[in-house]
Amino acid sequence: QKAEWAKLATKKTMTQDHHHIELAANIGTPKDLEGVLQNGAEGIGLYRTEFLYMDRSELPSEEEQFAAYKEVVERMEGKPVVIRTLDIGGDKELSYLNLPEELNPFLGFRAIRLCLEREDIFRTQLRALLRASVFGNLKVMFPMIATLEELRAAKHLLEDEKARLTSEGIDTSDEMEVGIMVEIPSTAVAAEQFAQEVDFFSIGTNDLIQYTLAADRMNERVAYLYQPYHPAVLRLVQMVAEAAHKHGKWVGMCGEMAGDETAIPLLLGLGLDELSMSATSILPARSQLASIKRSEAVPLALEALRKGIAEEVKQLVQAKYGQAT
Ligand code: PEP
Ligand code: MG
């Protein structure tokens, strides 16, 4: 099996009925690139930039960030690289920011909420991203977007820094796409409105599932409620995909679910254009997709949406494609 996967490393991902779906990798630092290149990723679907800010005593400088982003886009040689702006808070802490403790950190001051208040931190990151944008195919993604106001405010700061760089004589790309993560149910439900103001969506199921079922992703006692195959979760994915396509935008997924063997036929059927996963899942997923027809995955997904419970969805997929290994 390993030898068969290795042969796929240089291939595009194609379903049995010749539909392309992009398989990208999630990374945390430029050090992860070696595995990404070895496993034949068609791009980076999620670069979690928080690691640049963690395990140190002060914020990373613009130069330091620029160097990291530039290295990643250059080594990906024109393949798409989605870089997510700082997503701190929740389970990820930065002691040097001295943020007060919260009763519900996952519902609190995190990610874009913090960045829009700490403009100094956010603008520095946006400048580094804009400067790196001329060295490859860089796309910016904002995490934890709940409202259109947040999206507009973030885009405004990006435009503002772009104009400043231009006035300083520094080049930035005019082609850089700007997208959002869909990890809050409000954003999935209102995807139609968001679709008109973004270039792409990437569904972050790690958070989307916890918020949809109100089950803390870190809490073992409620882990039984953390259900990727819950029909409500699938319905949200469908809403996002349909809204995106209606407006000519692409939609990906970068939560753990994107690399899950049982979920993949459903995600293909729901119309996702890109799946981003840990590098080691890419070749198995490419091999799996080569044996699946999209024309069969679409009705399968529609049938899954009509099921009452997650277990029935799982059984439906496994009855058709076999038990996950
Ligand atoms: C997600 O929420 O699905 C996601 C990819 O982001 P993170 O796991 O970093 O919260
Ligand atoms: Mg998340």
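Just so it is clear, the structure is predicted and the values come from calculations on it, not from any experiment.

Draft legend 1. Highlighting helix α14 (residues 294-305). Helix length check: α14 (12 residues) gives 16 Å between terminal C-alpha atoms against 16 Å at 1.5 Å per residue, within 8%. The set of residues buried in α14 consists of A297, L300, A301 and A304. The buried residues of α14 occupy an angular sector of 100° when the element is viewed end-on, so they sit on one face. Turned more than 90 degrees away from the buried face of α14, the exposed residues are S295 and P299. For α14, the secondary structure elements touched by its buried residues are α11 (231-246), α12 (264-270) and α15 (310-321).

Draft legend 2. Representation of the environment of L107 within the structure. With respect to the helices, strands and loops of the structure, L107 is situated in the loop between β3 (80-84) and α5 (111-117). A residue is classified by how many C-beta atoms lie within 10 Å of it, and L107, with 12 of them, is exposed. Separated by 104 residues in the primary sequence, L107 and Y211 have C-alpha atoms spaced 9.0 Å apart.

Draft legend 3. Quick peek at the sheet that holds strand β2 (residues 44-48). The strand order around the closed barrel formed by eight strands is β1-β2-β3-β4-β5-β6-β7-β8, and the pairing between neighbours is parallel. Averaged over neighbouring strand pairs, the angle between their axes works out to 25° when direction is ignored. Where strand β1 (residues 22-27) and β2 come together, three bridges link them in parallel fashion. If you follow I27 over to β2, its bridge partner there is Y47.

Draft legend 4. Spotlight on the UniProt feature "binding site: Mg(2+)" (unreviewed entry) in the chain. Feature annotation in UniProt assigns "binding site: Mg(2+)" (unreviewed entry) to the following positions: E183 and D207. Separation in sequence by 25 residues is not matched in space for these annotated residues, since their most distant C-alpha atoms are only 5.3 Å apart. When you line up the elements, E183 lands in the loop between β5 (178-182) and α8 (185-189). Among the residues examined, E183 registers 26 C-beta atoms within 10 Å and is labelled buried. Those residues within four positions of E183 in sequence are excluded, and the remaining contacts are M144, G204, D207 and L208. Counting through the fold element by element, D207 comes out in helix α10 (residues 205-212).

Draft legend 5. View of the site of ligand 1. Looking at ligand 1, the residues that line it are L46, R48, D87, E183, G204, T205, N206, D207, C254 and G255. At the level of secondary structure, the elements contributing two or more residues to the shell around ligand 1 comprise β2 and α10. Per-element tally for the shell around ligand 1: the top contributor is α10, with three residues. Broken down by class, the residue content of the shell around ligand 1 amounts to two nonpolar, four polar and four charged.

Cut-offs and rules
- Residues numbered from 1 in each chain as written.
- Chains lettered and ligands numbered in written order.
- Predicted model: local features only at pLDDT ≥ 70, side-chain atom pairs only at ≥ 80, totals over all residues.
- Helix = DSSP H or I, 4+ residues; strand = E, 2+ residues; numbered from the N terminus.
- Expected span 1.5 Å × (residues − 1).
- Buried ≥ 20, exposed ≤ 12 C-beta atoms within 10 Å, placed from the backbone.
- Arc of directions from axis to C-beta.
- Contact = placed C-beta atoms within 7 Å.
- Pairing = 2+ DSSP bridges.
- Axes fitted to C-alpha atoms, helices over the stretch in contact; angles between N-to-C directions.
- UniProt positions renumbered as here; feature names shortened; annotations may be inferred.
- Near = placed C-beta within 6 Å.
- Nonpolar A, V, L, I, M, F, W, Y, C, P; charged D, E, K, R; others polar.

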